[in-house]
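# Working through the structure, step by step
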Amino acid sequence: MECTSQFLRQHPYKNKKNMSKLNSRIPDGPLEAKWTKYKSTVRLVNPANKRRIEVIVVGSGLAGASAAASLAELGYSVKCFCFQDSPRRAHSIAAQGGINAAKNYSNDGDSVFRLFYDTVKGGDYRAREANVYRLAEVSNAIIDQCVAQGVPFAREYGGLLDNRSFGGVQVSRTFYARGQTGQQLLLGAYSSLSRQIAKGNCQMYNRHEMLELVTIDGKARGIISRDLVSGEIQRHSAHAVILATGGYGNVFFLSTNAMGSNATAIWKAYKKGAFFGNPCFTQIHPTCIPVSGDYQSKLTLMSESLRNDGRVWVPKAVGDKRKPEDIPEEERDYYLERRYPSFGNLVPRDVASRAAKQVCDEGKGVGPSGLAVFLEFKDSIKRLGLDVIKERYGNLFEMYEKITGEDPYHTPMRIYPAVHYTMGGLWVDYNLMTTVPGLYALGECNFSDHGANRLGASALMQGLADGYFVIPYTIGDFLADEIRNPVPPTTHAEFDKAEKEVKDKIDRLMNIKGKQTVDDLHKKLGKVMWEYCGMGRNEPGLLKARTLIKEIKEEFWKDIRIPGSKDEFNTELEKAGRVADFIELGALMVEDALLRKESCGGHFREESQTEEGEAKRDDVNFSFVAAWEYAGDNSAPVLNKEELKFDVVHPTQRSYK
Amino acid sequence: MSETINVKLKIWRQKNTSDKGRFELYDMPGVSTHMSFLEMMDVLNDRLVREGKDPVAFDHDCREGICGMCSMYINGRAHGLLKGTTTCQLHMRHFENGETITIEPWRAEAFPVIKDLAVDRTAFEKIMQAGGYVSMNTGNAVDGNALPIEKVKADEAMDAASCIGCGACVASCKNASAMLFMSAKVSQLALLPQGEPERYVRVLKMMEAHDEAGFGSCTNTGACESECPKEISIAHIARFNRDYLTASVVSEK
Ligand SMILES: Cc1cc2nc3c(=O)[nH]c(=O)nc-3n(C[C@H](O)[C@H](O)[C@H](O)COP(=O)(O)OP(=O)(O)OC[C@H]3O[C@@H](n4cnc5c(N)ncnc54)[C@H](O)[C@@H]3O)c2cc1C
Ligand code: FES
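Residues numbered from 1 in each chain as written. Chains lettered and ligands numbered in written order. Predicted model: local features only at pLDDT ≥ 70, side-chain atom pairs only at ≥ 80, totals over all residues. Heavy atoms only, no water.

## Re the overall build of chain B
How we decide: Secondary structure follows DSSP: runs of H or I at least 4 residues long count as helices, runs of E at least 2 residues long count as strands, and numbering of each begins at the N terminus. Throughout this description, buried means an accessible area under 20% of the type-specific maximum (1.4 Å probe, protein chains only), exposed means over 50%, and partly exposed covers the range between. Any pair of residues with heavy atoms lying within 4.5 Å of one another is described as a contacting pair. Throughout, the Shrake-Rupley method with a 1.4 Å probe supplies accessible areas, and for residues the shown protein chains are the sole cover considered. Counted as positive: Lys and Arg. Counted as negative: Asp and Glu. His and the chain ends are not counted at all. For this purpose, a charge sits on NZ of Lys, CZ of Arg, CG of Asp or CD of Glu.
Secondary structure summary: chain B contains 8 helices and 7 strands in total. Principal-axis analysis of the C-alpha atoms places the extent of chain B at approximately 65 × 40 × 35 Å. The buried share of chain B, reckoned over its 253 residues, is 59%. A fraction of 70% describes how many contacts in chain B between residues 6 or more apart in sequence connect residues 24 or more apart. Of the accessible surface of chain B, which amounts to about 10,000 Å², a share of 51% is contributed by carbon and sulfur atoms. Of note, chain B has its 28 positive side-chain charges centred 2 Å away from the centre of its 34 negative side-chain charges.

## As for the site of ligand 1
Residue and element names in this part refer to chain A. This is how the line gets drawn: Residues are classed as near a molecule or strand on a simple rule: at least one heavy atom within 4 Å of it. Here a polar contact is recorded for every N or O atom pair within 3.5 Å, except that within protein the pair must consist of a potential hydrogen donor and a potential acceptor, and residues adjacent in sequence are included only if both atoms are side-chain atoms. Amino acids outside the nonpolar list (Ala, Val, Leu, Ile, Met, Phe, Trp, Tyr, Cys, Pro) and the charged list (Asp, Glu, Lys, Arg) are all regarded as polar, and Gly is one of them.
Not every one of the 38 residues close to ligand 1 is listed here, only the nearest: Gln84, Ser92, Gly97, Met210 and Glu444. Note that an oxygen atom of ligand 1 is positioned 2.5 Å from one of the side-chain N or O atoms of Gln84. Only helix H4 (62-74), strand E6 (208-216), strand E15 (413-422) and helix H13 (459-479) provide two or more residues apiece to the shell around ligand 1. Considering every element that reaches the shell around ligand 1, the biggest residue donor is E6, with 3 residues. Of the residues assigned to the shell around ligand 1, the class counts are 17 nonpolar, 18 polar and 3 charged.

## Examining the environment of Tyr630 of chain A
All names here are of chain A. For Tyr630, the position within the fold is in the loop between strand E18 (624-629) and strand E19 (638-643). Through-space distance from the C-alpha of Tyr630 to that of His91 is 28 Å; in sequence the pair is 539 residues apart. Here the side chain of Tyr630 touches Asp633 through a polar contact of 2.9 Å, side chain to side chain.

## Digging into the confidence of the model for chain B
We apply this condition: Looking at any residue, its pLDDT shows the predictor's confidence there, from 0 to 100.
Summarising the model, chain B shows a mean pLDDT of 96, and 98% of its residues fall at 70 or more. The ipTM value of the predicted complex is 0.98, and its pTM value is 0.96.

## Re the sheet that holds strand E14 (residues 373-376) of chain A
Residue and element names in this part refer to chain A. Operational definition: Two strands qualify as a pair provided that DSSP identifies no fewer than 2 bridges between them. Note on geometry: axes are lines fitted to C-alpha atoms, helical ones only across the stretch in contact, with angles between N-to-C directions running from 0 to 180 degrees.
Read across the sheet, 5 strands follow the order E11-E15-E14-E12-E13 without closing on themselves; strand pairing throughout is antiparallel. A strand with exactly one partner marks an edge of an open sheet, and here the two such strands are strand E11 (282-288) and strand E13 (332-333). In the sheet, strand E12 (residues 311-315) pairs with E13 via 2 bridges, with the strands oriented antiparallel. By the bridge assignment, Pro315 is partnered in E13 with Arg332. Running at roughly 65° to E11, helix H10 (residues 349-361) makes contact with E11, E12, E14 and E15 of the sheet.

## Overview of unusual backbone geometry
Residues and elements named next belong to chain B. Of note in this structure, His79 is not a glycine but carries a positive phi near 65°. Of note, His79 is situated in the loop between strand E4 (77-78) and strand E5 (100-104). Since its relative accessible area comes to 0%, His79 is described here as buried. A positive phi angle, near 45°, is found at Asp116, a position not held by glycine. The class for Asp116 is buried, based on a relative accessible area of 2%.

## Observations regarding helix H16 (residues 539-559) of chain A
All names here are of chain A. Keep this limit in mind: Take the residue count of a helix, subtract one, and multiply by 1.5 Å to get its expected span.
Between its first and last C-alpha, H16 extends 30 Å over 21 residues, near the 30 Å set by a 1.5 Å rise per residue. Inspection of H16 places Gly541, Leu542, Ala545, Ile549, Ile552, Phe556, Trp557 and Asp559 among the buried residues, and these make up the whole buried set. For H16, the capping residue at the N-terminal end is Asn538, with a side-chain oxygen 2.8 Å from the backbone nitrogen of Gly541.

## Quick look at the domain arrangement of chain B
All names here are of chain B. For clarity, the threshold we go by: The domain boundaries here were taken from an automatic or database domain assignment. Summed over both partners, buried area is the accessible surface (1.4 Å probe) that two parts give up on being assembled. Put simply, a salt bridge is a Lys or Arg side-chain nitrogen that is within 4 Å of an Asp or Glu carboxyl oxygen.
Per the domain assignment, the segments making up chain B are domain 1 (4-104) and domain 2 (121-252). With both sides pooled, the region where domain 1 packs onto domain 2 buries about 1,000 Å², and carbon together with sulfur makes up 45% of that total. For the interface between domain 1 and domain 2, the tally reads 3 salt bridges. Along the contact surface separating domain 1 from domain 2 lie 5 residue pairs in polar contact (both at pLDDT 80 or more). When grouped by side-chain class, the residues that make up the side of domain 1 that touches domain 2 number 6 nonpolar, 7 polar and 3 charged.

## What to know about the packing of helix H2 (residues 122-131) of chain B against helix H5 (residues 179-191) of chain B
Residues and elements named next belong to chain B. Just so we agree on the cut-off: In these notes the angle categories are as follows: under 35 degrees is roughly parallel, over 145 is roughly antiparallel, 65 to 115 is roughly perpendicular, and the rest is oblique. Helix crossings are classified by the rotation of the near helix relative to the far one: an anticlockwise turn of less than a right angle makes the crossing left-handed, while a clockwise turn makes it right-handed.
Put simply, H2 and H5 touch, their axes get as near as 11 Å, and they point 30° apart. When the axes of H2 and H5 are compared, the pair comes out roughly parallel. You can see that H2 and H5 cross each other, and the crossing is right-handed. Across the interface between the two elements, Phe124, Ile127 and Met128 of H2 pack against Phe181, Met182 and Lys185 of H5.

## Let's talk about a nonpolar patch on the surface
Residue and element names in this part refer to chain A. Test applied: Without a salt bridge and with relative accessible area above 30%, a residue can belong to a patch; like charges are then joined within 9 Å and nonpolar side chains (Val, Leu, Ile, Met, Phe, Trp, Tyr) within 5 Å.
Residues Phe113, Tyr117 and Val648 make up a contiguous nonpolar surface patch of about 230 Å² in total accessible area. Positionally, Tyr117 belongs in helix H5 (residues 112-122). Take Tyr117: its relative accessible area is 32%, and that puts it in the partly exposed class.

## Notes on the side chain of Thr300 of chain A
With respect to the secondary-structure elements, Thr300 of chain A resides in the loop between E11 and E12. By relative accessible area, Thr300 of chain A is classed as buried at 7%. Beyond its immediate sequence surroundings of up to four residues, Thr300 of chain A is in contact with Cys288, Ile289, Met399 and Ile403 of chain A together with Glu64 of chain B.

## Regarding the packing of aromatic side chains
Residue and element names in this part refer to chain A. Counted only if it meets this: Pairing of aromatic side chains here covers Phe, Tyr and the six-membered ring of Trp, requires ring centres within 6.5 Å, and sorts the geometry by plane angle: under 30 degrees stacked, over 60 edge-to-face, intermediate tilted. In this scheme, the term charge over a ring applies when either NZ of a lysine or CZ of an arginine sits within 6 Å of the ring centre and within 35 degrees of the ring normal.
Tallied over the full model, the rule gives 34 aromatic pairs over all chains. Between Phe81 and Tyr205, the ring centres sit 4.6 Å apart and the planes meet at 10°, which makes this aromatic pair stacked. In this pair, Phe81 sits in strand E2 (residues 77-81) while Tyr205 sits in strand E5 (residues 202-205), placing the two residues 124 residues apart along the sequence. For the pair Phe81 and Tyr205, one class covers both residues: buried. In this structure an aromatic cluster arises from ring pairing among Tyr248, Trp267, Tyr270, Phe276 and Tyr630. Its guanidinium or amino end placed over the ring of Phe624, Arg596 lies 4.9 Å from that ring's centre, counting from NZ or CZ.

## Looking at the sheet that holds E6 of chain A
Across a sheet, paired strands are connected by hydrogen bonds in the backbone, their directions being either parallel or antiparallel. Residue and element names in this part refer to chain A. Read across the open sheet, the 3 strands follow the order E6-E7-E8; overall the sheet is antiparallel. Taken across any chain shown, the strands that pair with only one partner, and hence form the sheet edges, are E6 and strand E8 (233-237). Each strand of the sheet is rotated relative to its neighbour by a mean of 25°, with strand direction disregarded.

## Some words on the domain arrangement of chain A
Residue and element names in this part refer to chain A. Domain parsing of chain A yields domain 1 (285-419) and domain 2 (493-622). Centre-to-centre separation of domain 1 and domain 2, based on C-alpha positions: 30 Å. With 12 residues of domain 1 at the contact, the number on the domain 2 side is 11 residues. Between domain 1 and domain 2, roughly 830 Å² of surface is buried when both sides are summed, and carbon and sulfur atoms account for 55% of that area. Between domain 1 and domain 2 we count 1 salt bridge in total. Where the side of domain 1 that touches domain 2 is concerned, the elements lending two or more residues are H10 and E15. At 5 residues, H10 tops the list of elements feeding residues into the side of domain 1 that touches domain 2. By residue class, the composition of the side of domain 1 that touches domain 2 is 5 nonpolar, 2 polar and 5 charged.

## Details of the side chain of Arg199 of chain B
All names here are of chain B. Relative to the helices and strands, Arg199 is located in helix H6 (residues 199-212). For Arg199, a relative accessible area of 16% puts it in the buried group. In terms of polar contacts, Arg199 uses its side chain to reach the side chain of Asp243, at 2.7 Å. Sequence-distant contacts of Arg199, defined by excluding residues within four places in its chain, comprise Ala190 and Asp243.

## Comments concerning the packing of helix H8 (residues 264-271) of chain A against helix H17 (residues 571-595) of chain A
Residues and elements named next belong to chain A. At a minimum axis separation of 9 Å, H8 and H17 run at an interaxial angle of 60°. With respect to H17, the axis of H8 lies oblique. Considering only the axes of H8 and H17, their crossing is left-handed. In contact with Thr264, Trp267, Lys268, Tyr270 and Lys271 of H8, H17 contributes Gly577, Arg578, Asp581, Glu584, Leu585 and Leu588. Classifying every residue of the contact of H8 with H17 gives 4 nonpolar, 2 polar and 5 charged.

Laid out in structure tokens, this is it:
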């Protein structure tokens, strides 16, 4: 497995003996001083030069919109892309619960260190200390920034900001705006972005999809995009490209992600030399509304906060189909309270999800499909009164009723785990730069801060940290060397080549003219991924998945059918391109899951569990980031390891008993 | 529990902006009442693709009632008959067996049809770009708690900020006015101290962008409020008008 990547040619100094091929560029010095020192020593681009520097930002969610706005404010010429009809509709809009910050407004002992510690522990010690510490450090500035933009966070009667608590931690550090935190934060970033668009510092490309990355001499120099309305293929060049394209949970077909969420941009980047970090790390959220039929198009999250007052249970007897009201107390199994007496219903997401799967596998699941457990509020309604429950969860109960037609005030909710978030993503260094110089990855699409499991309310924090407070500094380090280089002309041969690849692929897709729909194949992929690379993974299953995915790929390229033409608004064509990439990414996720023979966070290898059936981590052999390198369509991807060093936090087995 | 109904769909089909467009009828037998409206559309499209026909284009993304992407005019109502609900959250249990359901795009001069049920809402972007923000750069903010804000005001600002920008207000207004959309943003920022310094400039600029984009003027019929999936109140329009009046008087001096 010799390395011959672009990266090495670009960074020959990394070829020295005993040096890893991956340089995470973590600044020296004590953990608490790294970022401060970095900021005061990083190279800068002077204002006059900034104007001549062009930066492409793909994505307008929290990470992309905040980055595009902040870079435009600094004076860079920015182009920003999203596939929706407005940047305000990025998937970040759907985040409900809240955003963490170490403000310690609650005076309950919170601190930057504690937020850092909780995040590293919550991630089951598979994240980089320096990055997580920086995240905790800038968290406070995010709240200030958003308040200044006019984000209407929840407030107390005294007029100060209110906090709530969230799963897996012991302090109250989550800021929120009703059940619509993501919406309000995104609208804040969108407002800043709109201001820059109006000023002419940022050009917005709505309903445009990036379909290829263009690299020149090993550096990211532009993208090829498709205008989704006219079908026109376009070239855009720049000095640097930032991807902020969100997570890839839709590999599973059903997830809580928006319908359009996809992996195309990061997958193209992977194929152009960006390493993919920990692709198999997927978060499966325990409280979602269960599947109701084959027509199901997506799954809806019911906020984690419900577990504060709801009790999770199943009937003790296998196959008990009585109505929940008819099942007496002594015939119910409150399995989370039984198994985890100290955390009870509030165990972290991965633990709660696995436990639900176990009881359903035992045949105790409820509802028509048997793939659901009850979440009941009867006791808390009795204890706190209906009004309190209504005030806390009214909008969620309403949403549940809209979807299921059942009233959760009177009958327990039925919930089941669903794919929710992907911790894996493009490998990035401390600068958030991928292994392709000049290509950056921000927000959910990078692998960086959440290790093997993400704690609630920390994705919004990360997206905004990356965009508002990290990239504006770190990108200077690369651009300082670019001030003399004009932006490459889009007539460059690399643009010709990339455009041709895109056009050929579209033609190939349009010409298959088979019998199955794109969704048929996407659903097949999703079933395989969920079955073998979902909540529980084992070697025989993963090997089977490897074969099945290969078959799905062949079937896809032989038998899908896309109506209409490529030169028009064609949603089937859009889907087809995305699914083609999901299939390949699914295969890489399976390889990664096969490699990682330990259990950690959301990745549960059935071969690696304790006698009580809890996840067993293996720090001796697996304390590393798996960074996969593309080696061609017909070759196995090459594994690169970034060893994780814990200087400050000492990994222990997580226990929530 | 699971029931099925048979419905007929009368759907507006329009190949592109310049096409004249027409209604087409589709039979939809055996629709599960648990399906969402958009899942029913998926089933129809799945069938059309298998028959080698062009599926019905429509906008959607989150399918949770928050992104504002979905935009169907169902049986003469923006997002259908159910109050406070977007199309993606509407479920088939609210329809009758044997019913014919008419589905149209938003119709407004400022929202040209792109294809079938998908429209171009760029005009909304222009309004926001004209003044829907607080002019501050990243990194300048003071501590979040430096400026306490009365809870009642913060809550009202949040009510206004709940707008999802779907355009139902424009589609339901006989004048195709975007006053509800615009006033929600103006009101949110007017209620907060952060928005105060630009309060009056903002209304003037946004109003100008509104009219330029081809939206009609507001005649206070209130259709927007009753059709808004987020139940945004027309009280915000009243606040807008007051501020607009003040701003106009000041700017005339
Ligand atoms: C239902 C739900 C609730 C959640 N609740 C919380 C919460 O309470 N707290 C929390 O911290 N986190 C929460 N999360 C997670 C969090 O919302 C996401 O991780 C985060 O918003 C991702 O932001 P992002 O900016 O990285 O990407 P996104 O918001 O997904 O944005 C992606 C952007 O990329 C664009 N894009 C993608 N591909 C292309 C392409 N090829 N070409 C052009 N543009 C492209 C899209 O148009 C979009 O603008 C939740 C997630 C879900 C699903
Ligand atoms: S699809 Fe997002 S609001 Fe309907």
